[in-house]
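Residue strings, one per chain:
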Amino acid sequence: MVDQFNEVLNPHKQINSSMASLSSSSSTPAFSSQSWKYDVFLSFRGEDTRKTFVDHLYSALEKQGIYTYKDDETLPRGESIGPSLMKAIEESQIAVVVFSENYSDSSWCLDELAYIMNCKDTRGQIIIPIFYGVDPSEVRKQKRKYGEAFAKHELENNEKVEFWRKALMDASNLSGWEPKHIANGRESKGIEQIVIEISHRLQVVTLSANENLIGIVARSQSLKAELQIGSGGVLMIGIWGVGGGGKTTLASSVYSEIYRHFDGSCFVENIREESSKNGLAKLQEQILCGVLKQKKVQGIGRVEEGRRMIQNRLRHRKVFIVLDDVDHLDQLKALAGSCDWFGDGSRIIITTRDEHLLTAHRVNVIHDISLLNEDEAIMLLCKHAPQDNRPVEDYEQLSKEVVSYAGGLPLALTILGSFLCDKDIHEWKSALERLKEIPDTDIVEKLKISFDGLKPLEKELFLDIACFYRRERIVRSMKRLNACGFHPVIGVKVLIQKALITISDGVFDMHDLVQEMGHSIVRGEHPNNPEKHSRIWKKDDVLRILAMDAKRHLTRLKQ
């Protein structure tokens, strides 16, 4: 018997140190925000069901994309089984306990069950009992085979019996399944229904967690409506907008809700960075491994080979793939070349800052990301900078100023809120004053990714608009920009597609923080020396430089 389980069930110690630390950290549990590694933990008597019912159940769960822990499939070699199982139980959203005829013969199974029931109380785990070839009353009251097993346990290890009895009684009182009473006893159909129920339970947990994301529920519903889940055909949906606007968060939220409705799924993160580091062939391999649920895919030596493999192996599968942060058309051609690469009912989501990529790739729908409104922005700021035990009136106006500065950009609110969370009111005021002069570098660097992707002439055009032509009439501004040799008609189109500028009521406009990013680029390494800047737009700086020129001119005259 493993020492850790002995400590858990010792009536004198009651719980081991691992459980104690767990309980102390969960004295006020917030189950919906719990961090889980596995969707399902399978508890079963190996000699009874490992190669039959449990094997079929495990396969069905994996096919639905439900990440399942089964000790002979998942346990890393060389690890002690006790601590590994305990950790796996703690990290699983749902524990499925398969009670079979000889389940209670195993003190190991009973220890495992007791630990599962404890995690139900301390971590909010969902427990689903399955009574395979036994009646629930036999388990609850320890009759027949269960009664015989407990008679032996009482002789061998009396101190644990009462804990085991309570665990069996509590588990068998939960709503569960009897395969012999499902689908007229047809095991495969019964397993299908069980998997559907597990999938539904997991989706409820996911929805609850997503509700903690400010403003995500309405945005997710809008995107899901465009995805038309359940209808035929293959759809590609692009999520487009300014950097830091919440594109990845929205895609991730919807992915976690609906990926189980597909034969296979894969979320490919940070394509812009990963493709430059490791190449597109690695990303192609990631898609195939994720969708096909394989650890390794052989045969991808070149990108062209990867294209053929994706098309050949996924064209009859209903898949859901998210391609996150795409910044080049070659990436789309390599990873999701066309709709006929995938089976009927498939859905592909692409997040990007460049609308042109989506139109060039002929996606079915372009979903424009919507920034947070004022109420949502206040909520997000307060989430990261809670004002507990502080006078609300002191921070109300300051919070509004922060929200106004962020302009509904989730990235900015998250960064600023995290920075201000432990600051007093005087530090808040000081931080806001500093932001008016020097923008936050983390925000600027995130937004600057879009600028870095421009061609040299487009960069110059953007900086001119940011410094001189924001809120200026387009007709007059375009004449001046054309005179400078910028060929602004095509250049302005590119800037709009990159979500760097907008045109509203016949004037140029942009997000305040995008303009701040442009100003920061112009100031460069000499923020306090405007004479070294490529552009001067502030009156005080112009007067300062004129005064310096006048002084130099007078000096020359005196010489």
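Further up the page is the structure itself.
Only a predicted model underlies this, so the values are computations on that prediction, with no experimental measurement involved.

**Q** Hey, could you run me through unusual backbone geometry in this one?
**A** Across the chain, the bulk of peptide bonds are trans and the bulk of non-glycine residues have phi less than zero. The phi dihedral of Lys-293 is positive, around 60 degrees, even though this residue is not glycine. Examined against the element boundaries, Lys-293 turns out to sit in the loop between α15 (280-292) and α16 (303-314). Of note in the backbone geometry, Asp-325 takes a positive phi value of approximately 60 degrees without being a glycine.

**Q** How do you make sense of the pattern of salt bridges when you look at a structure like this?
**A** Note on pairing: side chains with opposite charge can pair once their charged atoms come close. On inspection of all chains with the given rule, the structure shows 27 salt bridges. Of the charged contacts, one joins Lys-87 and Glu-91 as a salt bridge, the two residues approaching to 2.6 Å between their closest N and O atoms. Classification of Lys-87 as partly exposed rests on a relative accessible area of 47%. Salt bridges linked by common partners bring Arg-470, Arg-471, Asp-509 and Asp-512 together as one network.

**Q** Where do I start with the sheet that holds strand β4 (residues 126-131) in this structure?
**A** The strand order across the open sheet formed by four strands is β2-β1-β3-β4, and the pairing between neighbours is parallel. Each having just a single partner strand, β2 (68-69) and β4 make up the two edges of the open sheet. For strand β1 (residues 38-43) and strand β3 (residues 92-99), the ladder comprises five bridges, and the chain directions are parallel. By the bridge assignment for β3, Tyr-38 is matched with Ser-92.

**Q** Sorry if this is basic, but what is going on with the packing of aromatic side chains here?
**A** By convention here, two paired aromatic rings are described through the distance between centres and the angle between planes. Applying the stated rule across the entire model yields 14 aromatic pairs. Ring centres of Tyr-395 and Trp-428 lie 5.2 Å apart, and the angle between their planes is 80 degrees; this geometry places the pair in the edge-to-face category. Taken together, the residues span a long stretch of sequence, with Tyr-395 in helix α20 (residues 392-406) and Trp-428 in helix α22 (residues 425-437) at a distance of 33 residues. On the accessibility criterion, Tyr-395 (5% relative accessible area) is buried. Since its relative accessible area comes to 0%, Trp-428 is described here as buried. Geometrically, the ring pair formed by Phe-451 and Phe-462 is tilted, given 5.9 Å between the ring centres and 55 degrees between the ring planes. Linking Phe-451 in helix α23 (residues 441-452) with Phe-462 in helix α24 (residues 456-469), this pair joins segments that are 11 residues apart in sequence.

**Q** What am I meant to see in a nonpolar patch on the surface here?
**A** Together, Val-542, Leu-543 and Leu-546 line one region of the surface with nonpolar side chains, adding up to about 250 Å² of accessible area. Tracing the backbone through its elements, the reader meets Leu-543 in helix α28 (residues 539-558).

**Q** Would you mind showing me how to read the packing of helix α25 (residues 474-483) against helix α26 (residues 488-497) here?
**A** Relative orientation and spacing of two packed helices are given, respectively, by the angle between their axes and the distance between those axes. Two numbers describe how α25 lies on α26: the axes approach to 10 Å, and their chain directions differ by 115 degrees. Compared by their axis directions, α25 and α26 come out roughly perpendicular. Of α26, the residues touching α25 (which contributes Met-478, Leu-481 and Asn-482) are Pro-488, Val-489 and Val-492. Residues that form the contact of α25 with α26 fall into these classes: five nonpolar, one polar and no charged.

**Q** Can you help me understand the environment of Ile-191 in this one?
**A** Following the sequence through the fold, Ile-191 ends up in helix α11 (residues 187-210). Using a relative accessible area of 4% as the deciding quantity, one classes Ile-191 as buried. It is 8.6 Å that separates the C-alpha atoms of Ile-191 and Phe-53, two residues lying 138 residues apart in sequence. The contact partners of Ile-191, leaving out residues within four places of it in the chain, are Phe-53, His-56, Leu-57 and Ala-60.

**Q** For this particular structure, what's the right way to read helix α19 (residues 374-384)?
**A** Residues that lie three or four places apart on an α-helix share one face, since the helix turns once every 3.6 residues. Among the residues making up α19, those that are buried are Glu-376, Ala-377, Leu-380 and Leu-381. Seen from one end, α19 has its buried residues packed into an arc of 135 degrees, which puts them on one side. A distance of 3.2 Å separates the backbone nitrogen of Asp-375 from a side-chain oxygen at the start of α19, and that oxygen is part of Asn-373.

**Q** Looking at this model, I keep getting lost on the pairing of β4. Mind explaining?
**A** Residues in a regular strand project their side chains so that they alternate between the two faces of the sheet. Burial within β4 is extensive, with six of its six residues counted as buried. Neither face of β4 is exposed, since Ile-126, Ile-128 and Ile-130 on one face and Ile-127, Pro-129 and Phe-131 on the opposite face are all buried. Pairing between β3 and β4: six bridges, direction parallel. When the bridges of β4 are listed, Val-96 appears paired with Ile-128. Viewed along the sheet, the connection from β3 through helix α7 (residues 107-123) into β4 turns out right-handed.

Reading the values: rules and limits
Residues numbered from 1 in each chain as written. Predicted model: local features only at pLDDT ≥ 70, side-chain atom pairs only at ≥ 80, totals over all residues. Heavy atoms only, no water. Helix = DSSP H or I, 4+ residues; strand = E, 2+ residues; numbered from the N terminus. Salt bridge = Lys/Arg side-chain N within 4 Å of Asp/Glu carboxyl O. Buried < 20%, exposed > 50% of the residue type's maximum accessible area, 1.4 Å probe, protein only. Pairing = 2+ DSSP bridges. Phe/Tyr/Trp six-rings, centres within 6.5 Å; stacked < 30°, edge-to-face > 60°. Patch = residues over 30% accessible without salt bridge, like charges linked within 9 Å, V, L, I, M, F, W, Y side chains within 5 Å. Areas by Shrake-Rupley, 256 points an atom, 1.4 Å probe, with all protein chains shown as cover. Axes fitted to C-alpha atoms, helices over the stretch in contact; angles between N-to-C directions. Parallel < 35°, antiparallel > 145°, perpendicular 65-115°, else oblique. Contact = heavy atoms within 4.5 Å. Nonpolar A, V, L, I, M, F, W, Y, C, P; charged D, E, K, R; others polar. Arc of directions from axis to C-beta. Polar contact = N/O pair within 3.5 Å; in protein donor to acceptor, adjacent residues only side chain to side chain. Right-handed = clockwise from strand over helix to strand, strands pointing away.

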